[in-house]
Amino acid sequence: MTLTSQSESPLPEIGRRLETGSIITNFHDAGAGAPVLLIHGSGPGVTAWANWRMTIPALSRGMRVVAPDMAGFGYTETSLTDYEPGIWVSQVVDLLDALDLPKVSIVGNSFGGSIALRFASMHPDRVADLVLMGPVGLSFPLTTGLDRVWGYQPSLENMRKLLDVFVFDEGLITEDLVELRYRASVRADVQQRFEAMFPAPRQRWVDRLALDVESLARINQRTLILHGRNDAVIPLEASERLVTVLPNAELVAIDRCGHWVQIEQATIFNDALQRFLFCDRSASQQGRADGGGGDRE
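Residues numbered from 1 in each chain as written. Predicted model: local features only at pLDDT ≥ 70, side-chain atom pairs only at ≥ 80, totals over all residues. Heavy atoms only, no water.

1. Some points on the overall build of the chain
Helix and strand counts for the chain come out as 14 helices and 11 strands. The C-alpha atoms of the chain give a radius of gyration of 18 Å, which matches the 19 Å a tight globule of 297 residues would have. By residue count, 56% of the 297 residues in the chain fall in the buried class. Accessible area for the chain stands at about 11,900 Å²; split by element, carbon and sulfur atoms hold 49% of it. Separation of charge centres in the chain, based on 27 positive and 37 negative side chains, amounts to 1 Å. (Helix = DSSP H or I, 4+ residues; strand = E, 2+ residues; numbered from the N terminus. Rg over C-alpha atoms; globule rule 2.2 N^0.38 Å. Buried < 20%, exposed > 50% of the residue type's maximum accessible area, 1.4 Å probe, protein only. Areas by Shrake-Rupley, 256 points an atom, 1.4 Å probe, with all protein chains shown as cover. Lys, Arg positive; Asp, Glu negative; His and termini not counted. Charge placed at Lys NZ, Arg CZ, Asp CG, Glu CD.)

2. Some words on the layout of surface pockets
For the largest pocket, the calculated volume is near 270 Å³. Around the largest pocket sit 20 residues that line it, and Glu13, Thr47, Ala50, Leu180 and Ala184 are the ones nearest its centre. When residues of the lining of the largest pocket are traced back to their parent elements, those giving at least two are helix H1 (48-52) and helix H7 (175-185). Broken down by element, the residue count for the lining of the largest pocket peaks at five residues, all from H7. (1 Å grid on protein atoms, 1.4 Å probe; cavity = no way out; pocket = protein on both sides within 12 Å on 5 of 7 lines; lining within 4 Å. Points joined across faces, edges and corners; volume = space filled by probe spheres on them.)

3. Observations concerning the environment of His123
Structurally, His123 can be placed in the loop between helix H4 (111-122) and strand E8 (127-133). A sequence separation of 51 residues divides His123 from Thr174, and the C-alpha atoms of the two residues are 41 Å apart. Once you skip the residues sitting within four places of it in the chain, His123 turns out to touch Val89 and Val93. (Contact = heavy atoms within 4.5 Å.)

4. A word on the packing of aromatic side chains
Counted by the stated rule, this structure contains seven aromatic pairs. Look at Trp52 and Phe269: their rings are 6.4 Å apart centre to centre, the planes differ by 20°, and that puts the pair in the stacked class. Here Trp52, found in helix H1, pairs with Phe269, found in helix H13 (residues 266-278); they are 217 residues apart in sequence, far enough to count as distant. Accessibility assignment for this pair places Trp52 and Phe269 in one class, buried. Ring plane angle 10° and centroid distance 6.0 Å describe the contact between Tyr83 and Trp88, whose orientation is recorded as stacked. For the pair Tyr83 and Trp88, a shared accessibility class is recorded, and that class is buried. Taken together, the ring pairs connect Phe73, Tyr83, Trp88 and Phe111 into an aromatic cluster. The aromatic ring of Tyr75 is capped on one face by Arg187, whose charged end is 3.8 Å from the ring centroid. Above the plane of the ring of Phe276 lies Arg222, whose end atom (NZ or CZ) is 4.2 Å from the centre. (Phe/Tyr/Trp six-rings, centres within 6.5 Å; stacked < 30°, edge-to-face > 60°. Lys NZ or Arg CZ within 6 Å of the ring centre and 35° of its normal.)

5. A closer look at the pattern of salt bridges
This structure, assessed with the given rule, holds 12 salt bridges. The closest approach of N and O atoms between Asp147 and Arg202, which form a salt bridge, is 3.1 Å. Taken together, the residues span a long stretch of sequence, with Asp147 in helix H5 (residues 144-150) and Arg202 in the loop between helix H8 (190-197) and helix H9 (203-209) at a distance of 55 residues. Owing to a relative accessible area of 32%, Asp147 belongs among the partly exposed residues under this scheme. The exposure class of Arg202 is buried, given its relative accessible area of 16%. (Salt bridge = Lys/Arg side-chain N within 4 Å of Asp/Glu carboxyl O.)

6. Some words on empty space enclosed by the protein
Taken as a whole and judged by the stated rule, the model has four cavities of 30 Å³ or more. Considering the residues around the largest cavity, the lining is formed by 17 residues, among which Gly41, Ser42, Gly43, Phe166 and Trp260 are closest to the centre. Sorting the residues of the lining of the largest cavity by element identifies H1, H5 and helix H12 (261-264) as the ones contributing at least two each. Residues belonging to the lining of the largest cavity are distributed by class as follows: eight nonpolar, eight polar and one charged. (Nonpolar A, V, L, I, M, F, W, Y, C, P; charged D, E, K, R; others polar.)

7. Notes on the packing of helix H6 (residues 156-166) against H7
At a closest axis distance of 9 Å, the pairing of H6 and H7 adopts a crossing angle of 115°. Considering their axes alone, H6 and H7 lie roughly perpendicular with respect to each other. Our pair here, H6 against H7, has a crossing hand that is right-handed. Residues Leu156, Met159, Arg160 and Leu163 of H6 form the contact with H7, whose own contacting residues are Glu175, Leu177, Val178, Glu179, Arg181, Tyr182 and Ser185. In the contact of H6 with H7, the residues fall into six nonpolar, one polar and four charged. (Axes fitted to C-alpha atoms, helices over the stretch in contact; angles between N-to-C directions. Parallel < 35°, antiparallel > 145°, perpendicular 65-115°, else oblique. Left-handed = near helix turned anticlockwise from the far one by under 90°.)

8. Some thoughts on the pairing of strand E10 (residues 249-254)
Within E10, five of the six residues are buried, which leaves the element mostly enclosed by the surrounding structure. Pairing geometry for strand E9 (residues 223-228) and E10, over six bridges, is parallel. Across the sheet, Gly228 pairs through a bridge with Ile254, a residue of E10. For the crossover from E9 across helix H11 (residues 236-245) to E10, the handedness is right-handed. (Pairing = 2+ DSSP bridges. Right-handed = clockwise from strand over helix to strand, strands pointing away.)

That's the geometry; what it means functionally is another story.
Given below as structure tokens:
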């Protein structure tokens, strides 16, 4: 196992590097305090930095924030060609072991929510609290939006249409953002790796990422689920079912918001995270009861 210091690369996407077996993980490590792991989603060209660039500064003011590029994504390097949830869970274990972090809170976005839940199911003693954002928890029928995400073929026009799927307010999608995400999706072998992860027919990948009811019912950590009411990628109904299965969870549905809660409603998202993760249990429960920009389910 080889661990390097923070990179001095001019690219903000590149942080530290950890080599374990066939995976060289690129990850960000910021702040000090109780540790929190951020696991990104599965969009084309995604990196931890692209996903969490508005979240890391807010959380790192009071916590140690670790945000990796998961295997197959971003600037993490791997020779793997066959991906399944156990590989991503093992990658998290290796990263936390290398950083000497026996227990962390986890924030998981979409695909990352699935990995967070699976990690909590397999390693319950290593998880403090959970925050899930538009997660894959229980299985659901593949949406047109998710099929478009996983079936993306590189072009500026396709990226523009895809980014519109992620948000409620399409005015947030600028030409600069389209260009940035398109360039990220065609860098090196990014598209080749992406196509290998979720080939058609894609319902099977939803089913593979989902957990069974029995496993979910054994996850006892405090869990906050945040979900945009206008999410066209992961349906709100999936989280409405998930919150009834997890024994210690609550759901906050956020108005006028699509799948990119952490970007489209960054202030609401960061405030909710800080109340939930920074405060003690009784204070955080009272804070969530007082509001947070969405309706408590």
